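One letter stands for each residue in the lines below.
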Amino acid sequence: MHLRVLGSVELVDQNGAPDPLPPRLRRLLAGLLVHADAMVSMDSLADIVWPSEPPDHPQASLHNLLARLRGRLTGAGAEVRLLSRPPGYSLLASRDDLDASLFQDLVDEARQVSSQGEDPARLDHAVRLLDRALDLWRGPAYAEFTDDDFARPEGARLTELWLAATENRIDAALDQGRPDEALDRLEKLIAAEPLRERPQLQLMLARYRTGQQAAALDGYQRYRRLLDEELGVEPSAELACLQAAILRHDPGLATPAVSPHPTTRTAPAAARPFEGHDVERESSPRRTDDPTPVLPQLVGREADIALLDRLVRPGAVVTLVGPGGVGKTSLASVAAARLRSRFADGVRVCELATLDDVDSVADAIGTALSVPGRPGGSTIDRLVEFLRPARLLLVFDNCEHVLGACTPLAAALSRACPGVAVLTTSREPLGLPDELVTPVAPLSVEAGVALFVERARNVSAGFDPDESGMDSVAELCNRLDRLPLAIELAAARMRVMSPDDLVQRLSWRFRLLHGGARTARHQTLRALVDWSYDLLEPSQRVVFDLLSVFATGFSLTAAEQVVTAVPGLEPALDRTGVAEAVLALAERSMTVADPSSGPTRFVLLETLRSYARERLVAGPYADAARRAHASYVSGSVTEAAAGLFGPRHGPSVERLDALMDEIRAAHAWALANDLDLAALLVTGLSLYVETRMPAEVPRWAEQTLEAVRAAGPGETAPRAAGLCAVAGAGARFAGDLPRARQLIEQGLDDATTAEDATYLRFLLAEVCLFEGQLEEAGRLGEELAAAATSGAYGPYDAFAQVAQGVVPLVRGYCGDVAGGLRTADELRIRAEDAGDELGAAWMRYIQGELVLDTDPERAGIVLTQALEVGRRLGDRYLTGVALVSAASVLSRHGEPTEAAALFGDVVEHWRQAGDWTHQWTTIRNVTDLLTRMHRDDAAAVLLGALDVRPAGVFGDEAGRLATIRSVLVERLGADRFAMLTERGAGLDDNQVVDRARSALADDQ
């Protein structure tokens, strides 16, 4: 061993004797070793060697130090070399000459051996490998430099690798029936990492197997108190299950008769509730049935999948790190699909590669998860609040360019959401203390060859190389550093070339490039993309660069419209030329075509997208291309939105759902470059907000409105009314009715079109209705009815037909139920004649709402019909209000148990939708039901919570609340009632919802 970093940084001779280095030489050596085999610039080395007070001539002083270090390295071993690589230096060492590399190789080999079988011989071999690796560890990696920025990430990565290897070795001791040995190792490990969960689980099991049941249970309680004091969280479900298993002396806790892999978690089946398919899980309304994704076919990744099977668990943050093209995304996709059954709420994948702005990450993730919007508080706070009760696997893909947003988010979720696991892919770790960093290595030669042959046969069915050809394939894979993406790109050439031809052409092109901060592997991949790009015709290169403006996939029509809208292209391209170029790119594997459903969609793999964007930014078309993209997206939004609330409502909503990534990217660019276009994008989504209720869009409206106000009078000013409407619509749902009224009234002052004025009047009518101002709501409803018949709402006339449903609703609330029913029925018939299924469903809901108490049978029928349409069309607003009324029918007319189950769904629906205005109406109905069921304590707590929330109580509902209050005071007594209502008044919003759901689920 010649170079040591697992402890203090040391250079040793061939006999193992340390060669003492002066402090500056040791810092220089450490800086080079942190980036072993890669170039480190002179400026970076100078910052490392002189972190505070550099000399007057740092370059000359650094050259002197480098010469001295080269002299020391001469006797350290033939495989250690210090090379000059402009604009810096790199230190090349064989993996056997650097203890960190050898340590990782031994750990990886142990993992591979253990994944190949379960017999004792393999277990013993893996244990010996782990012991050799752990013997190399002399202390914290880069010990004297752990607080320096240059060494901290690599030191943290190696420390995490050591911790995981130590835990694997402890598992092996437990599996081999040596719990005493495990206890010896655990004592030091827990002293160093007292909050780390896996050693605590191992400690409980080791104590139990040595006859110390009481100590095992006491350890659980100590750890629980520590978590509560330090992090304010509870132990994971795994630990809780193990505690329960210890209490009942579960037979599964015994040492296994057949030893499993040494890297397998050793908790028994009773302690691992998510590893089987027949385990009874706690039901959760947050769970959704995602469609099964189309998974990539992995080659040579069996050991990596097995490792992720063990590491990804509730509460863990696992990061797959590696160079571009190594297959991190594919590995994460397959692992997530395999792990889906462990998480009651499923898996959510959040693609971050398309985001340029760190501030937009949390918003994008919130939209992907349908996290409700709330006034006040950060988006991260809302995400944590929303996910705290969930059991979910979150996959954050391509984090490296937005680490500043991903790291605090993952940290917050890890601390406060014990049922949530986070799996990220990145080119560098997040840097969290408990992060499980898993490097994704290139394929083995055998796996690389197998992948090449499989992909080559996809493009050329007759591909069947002879022995010489297979040798060329193996050489090719080695020259491409066995990176899956590079191998796939090369295999795509087999339609027109042989492996030997390709090797010969690579010999001059694919030597390692020197420059920049990329690793050698990434440089090689870039050379491959360079070469593939150079083979394109000029028109294909231009189109390839321009396609990078799309955030996700695109259709042929979209590509044609965006590319042809960019002025001054050379060579000039018409729509036919663009289509031919896109298809040619697909044939050359520069894009991926997906014809599985509807029009074929094309996608640039992320490495290729990044490459294309670099070329686009460096060229003359970047701004024009982004403008063309934003204009195309705006036109698509306008076109899709015109079909909402009419016969094409369902497909229109689906199209807008699919466009959200593009809309997000387009709005971000437009907000900084073209306010009129930004405003047009947001206002085009007004009716989408009415049906899907995304919290993100009203926030965009607020941002754009602020920018428009700051810009002063101009061409954008007329759009201020529409922005006020969208922002006000969001505030109305979020429960901030004063802010909603303020925005809506501002919009009415600014409105210059009948379309804006009509939509704003509808929003104001709803706010008045929620506040109990029925006379004002009725007046506005009559104006809406007049506008709907005059066609004043332009392309959104269909929504105006639905909006005038305020009229029959207000009439019924004011006592004219018969008149309200007649009007609602007339509107229903009109909607059906127009083919407006959603509009007709809204009128059925209004009819059901008006006869809840007088004709419950009829109410149940029409509400069920409305609910079916709302769910099928994905209208969250209609679905929610219909659920409330349907549950109220059951509550008031003799089906309390069924009503309780349905109300449990309703309150969770509103929480996920972020509609707190309707939530409080629902909670009032829940309080009524709980009182009927004699669940008086819970009813009093909820009543106290309602007392400090926005009221909007009028008519029969006000009378019911007064009756409830009197009944509860009589049953509980004034003092207990006051105590319980005071307790309810102190609850936050989510606590109120949790109390309501708990009371509704009570089987007493």
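A brief structural summary. (Residues numbered from 1 in each chain as written. Predicted model: local features only at pLDDT ≥ 70, side-chain atom pairs only at ≥ 80, totals over all residues. Heavy atoms only, no water.)

Considerations on the packing of aromatic side chains
By the definition in use, this model includes 17 aromatic pairs. Between Trp842 and Tyr845, the aromatic rings sit 5.8 Å apart at their centres with planes inclined by 85 degrees, giving edge-to-face as the arrangement. Taken together, the residues Trp842 and Tyr845, both in helix 37 (residues 837-850) and three residues apart, mark about one turn of the helix. Residues Trp916 and Trp920 carry aromatic rings whose centres are separated by 5.6 Å and whose planes lie at 40 degrees to one another, so their mutual orientation is tilted. Here the residue Trp916 and the residue Trp920 both occupy positions in helix 41 (residues 916-932), the gap between them amounting to four residues, near one helical turn. Trp920 carries the same exposure label as Trp916, and that label is buried. A connected cluster of aromatic rings, assembled from ring pairs, spans Phe550, Phe554, Phe602 and Tyr632. (Phe/Tyr/Trp six-rings, centres within 6.5 Å; stacked < 30°, edge-to-face > 60°. Helix = DSSP H or I, 4+ residues; strand = E, 2+ residues; numbered from the N terminus. Buried < 20%, exposed > 50% of the residue type's maximum accessible area, 1.4 Å probe, protein only.)

A closer look at the side chain of Ser885
Here Ser885 shows up in helix 39 (residues 876-892). Looking at Ser885, the relative accessible area reads 2%, which means it is buried. Excluding its chain neighbours within four sequence positions, the residues that come into contact with Ser885 are Tyr845, Glu849, Leu852 and Leu863. (Contact = heavy atoms within 4.5 Å.)

Observations regarding a nonpolar patch on the surface
Taken together, Val592, Val603 and Leu605 make up a surface patch of nonpolar side chains, about 190 Å² in accessible area. Mapped onto the elements of the fold, Leu605 is located in the loop between strand 13 (601-603) and helix 24 (606-618). (Patch = residues over 30% accessible without salt bridge, like charges linked within 9 Å, V, L, I, M, F, W, Y side chains within 5 Å. Areas by Shrake-Rupley, 256 points an atom, 1.4 Å probe, with all protein chains shown as cover. Salt bridge = Lys/Arg side-chain N within 4 Å of Asp/Glu carboxyl O.)

Observations regarding the packing of helix 29 (residues 696-711) against helix 31 (residues 737-750)
Orientation of helix 29 relative to helix 31, taken along the N-to-C sense of each, is 45 degrees, at an axis distance of 14 Å. Taken together, the axes of helix 29 and helix 31 lie oblique to each other. Crossing hand, helix 29 versus helix 31: left-handed. Across the interface between the two elements, Glu702, Leu705 and Arg709 from helix 29 touch Arg739, Leu743, Gln746 and Asp750 from helix 31. Here the contact of helix 29 with helix 31 is built from residues that sort into two nonpolar, one polar and four charged. (Axes fitted to C-alpha atoms, helices over the stretch in contact; angles between N-to-C directions. Parallel < 35°, antiparallel > 145°, perpendicular 65-115°, else oblique. Left-handed = near helix turned anticlockwise from the far one by under 90°. Nonpolar A, V, L, I, M, F, W, Y, C, P; charged D, E, K, R; others polar.)

Considering the pattern of salt bridges
Tallied over the full model, the rule gives 57 salt bridges. The partner of Arg178 in a salt bridge is Glu181, and the shortest N-O contact between them spans 2.7 Å. One salt bridge connects Asp937 with Arg976, and the closest N-O pair in it is separated by 2.5 Å. A residue pair is termed long-range when its members are at least 10 positions apart, and Asp937 in helix 42 (residues 936-947) and Arg976 in helix 44 (residues 974-985) qualify at 39 residues. Classification of Asp937 as partly exposed rests on a relative accessible area of 32%. Through salt bridges with shared partners, a single ionic network connects Asp131, Arg169, Arg178, Glu181 and Arg185.

Here's the deal with the packing of helix 37 against helix 39
Closest axis-to-axis distance for the helix 37/helix 39 pair is 10 Å, and the angle between their directions is 25 degrees. Between helix 37 and helix 39, the interaxial angle falls into the category roughly parallel. The way helix 37 lies across helix 39 gives a crossing that is left-handed. For the pair helix 37 and helix 39, contact is made by Leu838, Ala841, Trp842, Tyr845 and Glu849 and by Tyr877, Leu878, Val881, Ala882 and Ser885, respectively. Grouping the amino acids of the contact of helix 37 with helix 39 by side-chain chemistry returns eight nonpolar, one polar and one charged.

Examining the nonpolar core
Counting residues in each nonpolar core, the largest one holds 161 residues, and the members touching the most others are Phe544, Leu546, Leu547, Phe554 and Trp842. Among the nonpolar cores identified, the runner-up in size contains 79 residues, and Leu3, Ile48, Val49 and Ala93 belong to it. (Core = buried A, V, L, I, M, F, W, Y, C linked by side-chain atoms within 4.5 Å.)

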